[in-house]
Amino acid sequence: MPFSNSSELSPSFILASLPGLEAAQSWMAIPLCSAYVLAVLANGAVLLVVRAEPSLHAPMYFFLCMLAAADLALATATVPRILCFYWFGSREIGFAACLLQMFLIHTLSAVESTVLLAMAVDRYVAICHPLRHAAVLTNGATAKIGLLAVARGVLFFLPLPLLLLPLPFCGPRVLSHSFCLHQDVMNLACANTTPSVVYGLTAILLVMGLDAVLICLSYLLILKAVLRLAAWRERLKVFSTCIAHICVVLAFYVPLIGLSVVHRFGKDLAPLVHIVMGNIYILVPAVLNPIIYGVRTKQIQRRILSLI
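Residues numbered from 1 in each chain as written. Predicted model: local features only at pLDDT ≥ 70, side-chain atom pairs only at ≥ 80, totals over all residues. Heavy atoms only, no water.

Under an unreviewed UniProt entry, the protein has the name Olfactory receptor and belongs to Motacilla alba. Under the Sequence similarities (unreviewed entry) heading, UniProt states for the protein: "Belongs to the G-protein coupled receptor 1 family." (UniProt positions renumbered as here; feature names shortened; annotations may be inferred.)

Caption draft 1: Layout of a nonpolar patch on the surface. Residues Leu 210, Leu 214, Leu 217, Leu 220 and Leu 221 make up a contiguous nonpolar surface patch of roughly 410 Å² in combined accessible area. Within the fold, Leu 220 resides in helix H8 (residues 194-227). (Patch = residues over 30% accessible without salt bridge, like charges linked within 9 Å, V, L, I, M, F, W, Y side chains within 5 Å. Areas by Shrake-Rupley, 256 points an atom, 1.4 Å probe, with all protein chains shown as cover. Salt bridge = Lys/Arg side-chain N within 4 Å of Asp/Glu carboxyl O. Helix = DSSP H or I, 4+ residues; strand = E, 2+ residues; numbered from the N terminus.)

Caption draft 2: Region of interest: the packing of aromatic side chains. All told, the structure shown has five aromatic pairs when counted by the stated rule. In this structure an aromatic cluster arises from ring pairing among Phe 13, Phe 95 and Phe 169. (Phe/Tyr/Trp six-rings, centres within 6.5 Å; stacked < 30°, edge-to-face > 60°.)

Caption draft 3: Molecular detail of the packing of helix H5 (residues 139-157) against H8. Here H5 crosses H8 at 160°, and the two axes come no closer than 10 Å. Taken together, H5 and H8 sit at an angle that is classed as roughly antiparallel. Residues Arg 152, Leu 155, Phe 156 and Phe 157 of H5 touch H8, and the partners they reach there are Tyr 199, Ala 203, Ile 204, Leu 206, Val 207, Met 208, Leu 210 and Asp 211. Residues that form the contact of H5 with H8 fall into these classes: ten nonpolar, no polar and two charged. (Axes fitted to C-alpha atoms, helices over the stretch in contact; angles between N-to-C directions. Parallel < 35°, antiparallel > 145°, perpendicular 65-115°, else oblique. Contact = heavy atoms within 4.5 Å. Nonpolar A, V, L, I, M, F, W, Y, C, P; charged D, E, K, R; others polar.)

Caption draft 4: Representation of the environment of Thr 114. Secondary-structure assignment places Thr 114 in helix H3 (residues 95-128). Look at Thr 114 and you get buried, because its relative accessible area is 9%. Remark: the alpha-carbon pair of Thr 114 and Ile 145, spanning 31 residues in sequence, is separated by 8.6 Å. Residues contacting Thr 114, with those up to four places away along its chain left out, are Ala 149, Arg 152 and Asp 211. (Buried < 20%, exposed > 50% of the residue type's maximum accessible area, 1.4 Å probe, protein only.)

Caption draft 5: Just the confidence of the model for the protein, in detail. Residue-level pLDDT values for the protein average 86, and 94% of them are 70 or greater. The low-confidence segment residues 1-8 (pLDDT under 50) makes 19 contacts with residues lying over four places distant or belonging to another chain. (pLDDT = per-residue confidence, 0-100.)

Caption draft 6: Looking closely at the UniProt feature "transmembrane region" (unreviewed entry) in the protein. Per the UniProt record, "transmembrane region" (unreviewed entry) is annotated on residues 27-49, 61-88, 94-121, 142-165, 197-222, 243-266 and 272-295. Along residues 197-222, the helical share is 100% and the strand share 0%, with 36 Å between the first and last C-alpha atoms. With 100% helix and 0% strand, residues 272-295 has its two end C-alpha atoms placed 33 Å apart.

Caption draft 7: Looking closely at the pattern of salt bridges. Using the criterion set out here, one finds two salt bridges in the structure. The partner of Arg 152 in a salt bridge is Asp 211, and the shortest N-O contact between them spans 2.9 Å. In this pair, Arg 152 is assigned in helix H5 and Asp 211 in helix H8, connecting sequence segments 59 residues apart. Here the two residues Arg 152 and Asp 211 agree in accessibility, since each one is buried.

Caption draft 8: Quick peek at the state of the cysteines. For the coordinates displayed, the defined rule picks out two disulfides. One disulfide bridge connects Cys 98 with Cys 180, the sulfur atoms lying 2.0 Å from each other. Taking the sign of the torsion about the S-S bond as the criterion, the disulfide between Cys 98 and Cys 180, at about -120°, is left-handed. Within this pair, whereas Cys 98 is found in helix H3, its partner Cys 180 is found in the loop between helix H6 (159-164) and helix H7 (182-186), the two being separated by 82 residues in sequence. Each of the two residues, Cys 98 as well as Cys 180, counts as buried. With its sulfur 2.4 Å from that of its partner, Cys 170 forms a disulfide with Cys 190. Here Cys 170 is found in the loop between H6 and H7, whereas its partner Cys 190 is found in the loop between H7 and H8, with 20 residues between them in sequence. Residue class for Cys 190 comes out partly exposed when judged on its relative accessible area of 30%. Cysteines bonded in the protein are numbered consecutively along the chain; their disulfide partners then correspond to 1-3, 2-4. In this structure Cys 216 is not part of a disulfide, and its nearest cysteine sulfur, from Cys 242, lies 13 Å away. (Disulfide = S-S within 2.5 Å.)

Caption draft 9: View of the nonpolar core. Ranked by internal contacts, the top residues of the largest apolar core, which has 81 residues, are Phe 13 and Leu 116. Once residues lying within four places of it in the same chain are set aside, the contact partners of Leu 116 are Leu 67, Ile 215, His 245, Val 248, Val 249, Phe 252 and Tyr 253. (Core = buried A, V, L, I, M, F, W, Y, C linked by side-chain atoms within 4.5 Å.)

Caption draft 10: Structural context of the environment of Leu 181. Tracing the sequence through the fold places Leu 181 in the loop between H6 and H7. Residues Leu 181 and Thr 78 lie 103 residues apart in sequence; the distance between their C-alpha atoms is 11 Å. Excluding residues that lie within four positions of it along the chain, Leu 181 makes contacts with Met 102, Ile 105, His 106, Leu 259 and His 263.

Here it is in structure tokens:
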């Protein structure tokens, strides 16, 4: 495959460094490493607690385990490579490794989005149709939803690296982030990228976009059912069961939307903004999700304290 200005059979890419802070990158990596360790410990604790606590063997907490596993995988697919760059100066990433990392990031994000939608449906059924909840969301149905989430992510986002594979890349090939994202890699191609642009946007809209709309619809129906209750205390008590999930949804979608906006409309922004937004997107949900559910769930609190 011919690549302009290069005799390599496959190109490599250069990860973005912190502009003006290159000398201090090893120190800047310490909070990043700390956040990653916290994410690993917190999500690992959630997985252990749900497994060990029989009272938590319910669809909502199985979905929480899926969320924790997706967060762990997403952080592990990116942060160790970033730390290698910051601490050991390993700034170059191979073409195949970049495509694999890109595929994992987008696929795991799709899995997390699907699980958040399943959790919203779980809350809707539990509040609006409580008598049917046990029959509709059984453990078998929960396992099938988990497999469907993985299959959906793989099927929708496997074409992304395949569309980039035959493209020629030229120029300095410097990425905007410290890891590989589809739009970032695609912008470095010196060829027609229209099929990749169209498919990437379509996949995002059909997965994350559709999930966000359905989650909002679920909560509109929940709000409608809650407002039918006569007493304010009953309304607050019922709706309080959704607070943790709403916070987790915001922790996922706000960084996702922010990163998308920066990519599409922030070309004139400082490079540091792109790097910081990318790191927030990778680590904030992984750190916040177990903390949110740990604060809201007494069984998880007690079990974690006993483990400590």
